[in-house]
Amino acid sequence: MMKKLVIVGNGMAGIKCVEEILDLEPDQFQITIFGAEPRPGYNRVLLSKMLQDESSFEHIVTHNWAWYEENGVRLYAGERVCDIDIAARTVETESGIKEPYDMLILATGSLPFIPSIPGARKQGVIAFRNVGDCETMAEYAKTYEKATVIGGGLLGLEAAQGLLNLGMKVGVVHNAQYLMNRQLDRAAAVLLQRELEQQGMWFHLAKKTVDIMGRNRAQGLMFSDGNRLDTDLVVLAVGIRPNTELVQGSGLKVNHAIVVDDFMRTSIPGIYAVGECAEHRGISYGLVAPLYEQCKVLAKVICGRETAPYEGSVPYAQLKVAGIQVFSAGDIREEGNETAVMEYDGIRGIYKKVMMRNSAVTGAILFGDTAESTSLLGMVRRGAPVAELATQDKDKGKGKGVSRAEEEAAKLSDEETVCACNGVSKGTILRAITIDKLKTVEEVKSRTKASASCGGCRPLVAALLKNGSSLSAISGAVAAPAVQEAVPVCGCTHYDHDSLKTAMVTAQCRTPVEVVSRLGWTRQQGCELCRPAVLYYLESLGLRDRSASGQLVGGVAIQAAAQHSGESASMSPRFVNFMDLNGESLLFSESIQIGGEAFAEVAWLKERLSAVWGRRALPAPIAVAVCPGPEYPGGVLVHDIGLSRSPAGWEVYAGGHAEHPVRQGRLIGVEENAEEAVLMAAACLQMYRYNARYGEKMWEWIERTDILVLRESVLDATLRSELAGRMCVDKAERVTG
């Protein structure tokens, strides 16, 4: 029997939960949604676009009426839930509809914050929160001339721009010294104010409104300093508050919002909360990206799937009105942070500032050109070392005749996120473009949801749509499509590298001679391409008959038994690549003067790496770098395996490459002690040995596959121990084999 799932709230959080649940278990639940507005699901982030005359309501609808019917979802639109009977497990609407539930998701969102200003309830005073508010503002614009927005934050500026486009004279009143003071510093705010003033907006900063004047309707404002301002319409955009009215007195734990744990569970079993009405670890988020991250976790919980906990989100804001681009992410406060990068181009009106703490990126501000927003947001989220900023800046402008968005798109790896709101990666977009032959941003949005929320990533999506030549001018190569024609190892066989490995296991080949005979080689002696590949796969897959194919001592092939086994000399193990990790391949900067504990730990780590790894048959040679701290130029980011000491422990990187094409190593994880870091690095290397193709460098393997899989594997304690243990077993077999 299907379980009854009820969602209170037809906004972006409620709908996203339903989408995720339908993807996981389309037939497990009987789903009912209650929405207070008499409308289908729409993108609240794009409300300002309606006022800016860029979109009609139909253009911001995300789920039309047909979607609910097609997916078997029952929607009660225009029905406000007024009561939850926890004992009876039912909800009831104001019109008397009563619905039972097995599981209940509260996605009631938020309400506009109405300040306690005398006159705030008068006619001509409205909030800016839903489609109805937009319609009211449009009606006022037909009759009245002057509008004033109280609130100089993100929402207030979007409302003001919409009113300006409706033909009204618009002023903004803000109680702080500069605009968007929670997301910007003074320098960026001054640039923003200057641009908006040129478009016709005017500002009253550091002003506190104490009264909304007018007998029957709003006619003006009075400030605490005694000054007055005439106006015909007042729009309140000073913030939001979680909508918890439904659960007051219900027994659910409520603080500022409905309190939830890391799996979005409330204090009562069977009831969950998500989005702006939920409080997680003391924080209520009013942004799309955190909301969607919560929904992904909750959907897996609802469907009984294992999931990582939700551990909070990095806040970020993106504003794009009348061609002005502004981006802010993370902690941009001066207190407790230092300025890592500050750039200002007065001629082009471009400003960039990046903050750091303990040599890690903590926040960023961009004005005028937000092409770097995706990469900077990624750095903030993972607390990237500031050294990455230098690498990023070094690549600027290398692509002649291409835009900054194209440069940034080229630098992103396939697994990095382009659309932070919907969690859409570059690889997902490229695959959709290639497979579905997409031509426009709208087609990409429809297929992948990239740019479907705030629209801030639209320039990057447009850059990815361009043909490969523009991107390859910067990156050296366009990311390979997800579906490629299999290329044979050589002319001796029809097998490609992946199918060859599978066939060798299936046919239980234990010597090169058996591979040639059982798998239908066209040349019995093979060639210089397939001979080393066959030997490597026999070795790495654990198939090789050691008694018949010679021993390997110290990484050097001995062919004493080669003739006995009937193998040709050219097919001997000497063609296998080996990496000696006991000496020069562990790279240290000789110019660094380190001593004491740092020197001792690095020296121990070097010995431990050699002991655990020894000498291994590898798809291609690797280079390893160990660095005693982020302040030392140890080069960990441009080598195959890199370990760097940090305040949090040892950071492990993989997939860097110092030569053309330069690739930056990806952070795999952080371990508190050096021993665990060694095991994590060993697990990475073992996955590379098992899964890479012969001759494929580590960075090539990581870009071909999904780095998230690598991270999940090595961060899983059980699997990591198994991989690292396999490495030791391989070593023992090599010594005794």
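Going by the structure above, here's the rest.
Residues numbered from 1 in each chain as written. Predicted model: local features only at pLDDT ≥ 70, side-chain atom pairs only at ≥ 80, totals over all residues. Heavy atoms only, no water.

(A) The arrangement of the overall build of the protein in detail. Scanning the protein from N- to C-terminus turns up 23 helices and 38 strands. Of all 737 residues assigned to the protein, the portion counted as buried reaches 52%. Taking the contacts inside the protein whose residues are at least 6 apart along the sequence as the reference set, 60% of them involve residues at least 24 apart. As displayed, the protein offers around 32500 Å² of accessible surface, 49% of which is attributable to carbon and sulfur atoms. (Helix = DSSP H or I, 4+ residues; strand = E, 2+ residues; numbered from the N terminus. Buried < 20%, exposed > 50% of the residue type's maximum accessible area, 1.4 Å probe, protein only. Contact = heavy atoms within 4.5 Å. Areas by Shrake-Rupley, 256 points an atom, 1.4 Å probe, with all protein chains shown as cover.)

(B) Region of the structure containing the nonpolar core. Residues Ile105 and Leu106 are the most contacted members of the largest nonpolar core, which totals 90 residues. Sort the elements by how many residues they give to this core and helix 8 (residues 288-302) lands first, with 10 residues. Leu106 has contacts with Val8, Ile84, Leu246, Val247, Leu252, Ile258, Ile271, Tyr272, Ala273, Val274 and Cys277, leaving out every residue within four places of it along the chain. Counting 43 residues, the second largest nonpolar core, distinct from the first, contains Leu46, Phe128, Leu157 and Leu319. (Core = buried A, V, L, I, M, F, W, Y, C linked by side-chain atoms within 4.5 Å.)

(C) Up close: the sheet that holds strand 16 (residues 220-223). Spatial strand order, 15-16-17: three strands in an open sheet with antiparallel pairing. Each edge of the sheet is formed by a strand with only one pairing partner; in this case those strands are strand 15 (209-213) and strand 17 (228-230). Strand-to-strand twist across the sheet, computed as the mean angle between neighbouring axes with direction ignored, equals 20°. As defined by bridge partners, strand 15 adjoins strand 16 across four bridges and the pair is classed as antiparallel. Within strand 16, the residue paired with Thr209 across the bridge is Phe223. (Pairing = 2+ DSSP bridges. Axes fitted to C-alpha atoms, helices over the stretch in contact; angles between N-to-C directions.)

(D) Here's a closer look at unusual backbone geometry. If you check the backbone angles, Met180 has positive phi at about 45° while not being a glycine. By the secondary structure assignment, Met180 is in the loop between strand 13 (169-174) and helix 7 (186-198). Taking relative accessible area as the criterion, Met180 reaches 2% and is therefore assigned buried.

(E) Structural view of the packing of helix 13 (residues 441-448) against helix 14 (residues 458-465). Contact pair helix 13 / helix 14: the axes reach a minimum separation of 9 Å and the direction vectors enclose 105°. Between helix 13 and helix 14, the angle is such that the two are roughly perpendicular. Mapping the contact onto sequence places Val441, Glu442 and Val444 in helix 13 and Arg458, Val461, Ala462 and Leu465 in helix 14. By residue class, the composition of the contact of helix 13 with helix 14 is five nonpolar, no polar and two charged. (Parallel < 35°, antiparallel > 145°, perpendicular 65-115°, else oblique. Nonpolar A, V, L, I, M, F, W, Y, C, P; charged D, E, K, R; others polar.)

(F) Main features of the environment of Ile429. For Ile429, the location among the structural elements is in helix 12 (residues 426-436). A relative accessible area of 0% means that Ile429 is categorised as buried. Distance from Ile429 to Val444, taken between C-alpha atoms, is 7.1 Å for residues 15 residues apart in sequence.

(G) Representation of the sheet that holds strand 9 (residues 103-106) within the structure. As summarised here, the arrangement of the five strands in space is 5-2-1-9-21, forming an open sheet in which the pairing is parallel. Each edge of the open sheet is held by one strand with a lone partner, namely strand 5 (74-77) and strand 21 (271-273). If you compare each strand with its neighbour and ignore which way they point, the axes differ by 15° on average. With three bridges connecting them, strand 9 and strand 21 associate as parallel partners. By the bridge assignment for strand 21, Leu106 is matched with Ala273.

(H) A look at the packing of aromatic side chains. Following the criterion strictly, the structure yields nine aromatic pairs and no others. Taken together, a centroid distance of 5.5 Å and an interplanar angle of 70° make the contact between Tyr42 and Phe57 edge-to-face. Here Phe57 lies in helix 3 (residues 57-60) and Tyr42 lies in strand 3 (residues 41-42), a separation of 15 residues in the sequence. The buried category is assigned to Tyr42, whose relative accessible area is 7%. Note on Tyr688 and Trp701: the rings are 5.6 Å apart at their centroids and 50° apart in plane angle, and the pair reads as tilted. (Phe/Tyr/Trp six-rings, centres within 6.5 Å; stacked < 30°, edge-to-face > 60°.)

(I) Region of interest: the pattern of salt bridges. Across all of its chains, the model carries 31 salt bridges by this definition. A salt bridge links Glu25 to Arg305, with the shortest nitrogen-to-oxygen separation between them at 3.1 Å. On the criterion of sequence distance, the pair formed by Glu25 in the loop between helix 1 (12-24) and strand 2 (29-35) and Arg305 in the loop between helix 8 and strand 23 (316-321) is long-range, its members being 280 residues apart. With a relative accessible area of 23%, Glu25 lands in the partly exposed category. Judged by its relative accessible area of 37%, Arg305 falls in the partly exposed class. Note that Glu99 is salt-bridged to Arg74, the shortest N-O span being 2.5 Å. Residue Glu99 is found in strand 8 (residues 98-100), and its partner Arg74 is found in strand 5; the two are separated by 25 residues along the sequence. Three or more residues joined by partner-sharing salt bridges are found here, namely Glu37, Arg39, Arg44 and Glu135. (Salt bridge = Lys/Arg side-chain N within 4 Å of Asp/Glu carboxyl O.)

(J) Seen up close, the environment of Asp498. As for its placement among the helices and strands, Asp498 is situated in helix 16 (residues 497-506). For the pair Asp498 and Ala692, spaced 194 residues apart in the sequence, the C-alpha separation amounts to 8.8 Å. Contacts of Asp498, omitting those with residues within four sequence positions, involve Arg693 and Arg704.

(K) Structural detail: helix 8. Over its 15 residues, helix 8 runs 21 Å from end to end, which matches the ideal 21 Å to within 8%, given 1.5 Å per residue. Most of helix 8 sits out of view: 12 of its 15 residues are buried. Taken residue by residue, helix 8 has Val288, Ala289, Pro290, Leu291, Tyr292, Gln294, Cys295, Val297, Leu298, Ala299, Val301 and Ile302 as its buried positions. Trailing helix 8 by a residue or two, Gly304 shows a phi angle of about 75°, which is positive. (Expected span 1.5 Å × (residues − 1).)

(L) Up close: the side chain of Ser250. With respect to the helices and strands, the residue Ser250 is situated in the loop between strand 19 (240-242) and strand 20 (258-260). Setting aside residues no more than four positions away along its own chain, Ser250 makes contact with Ile86 and Ile268.

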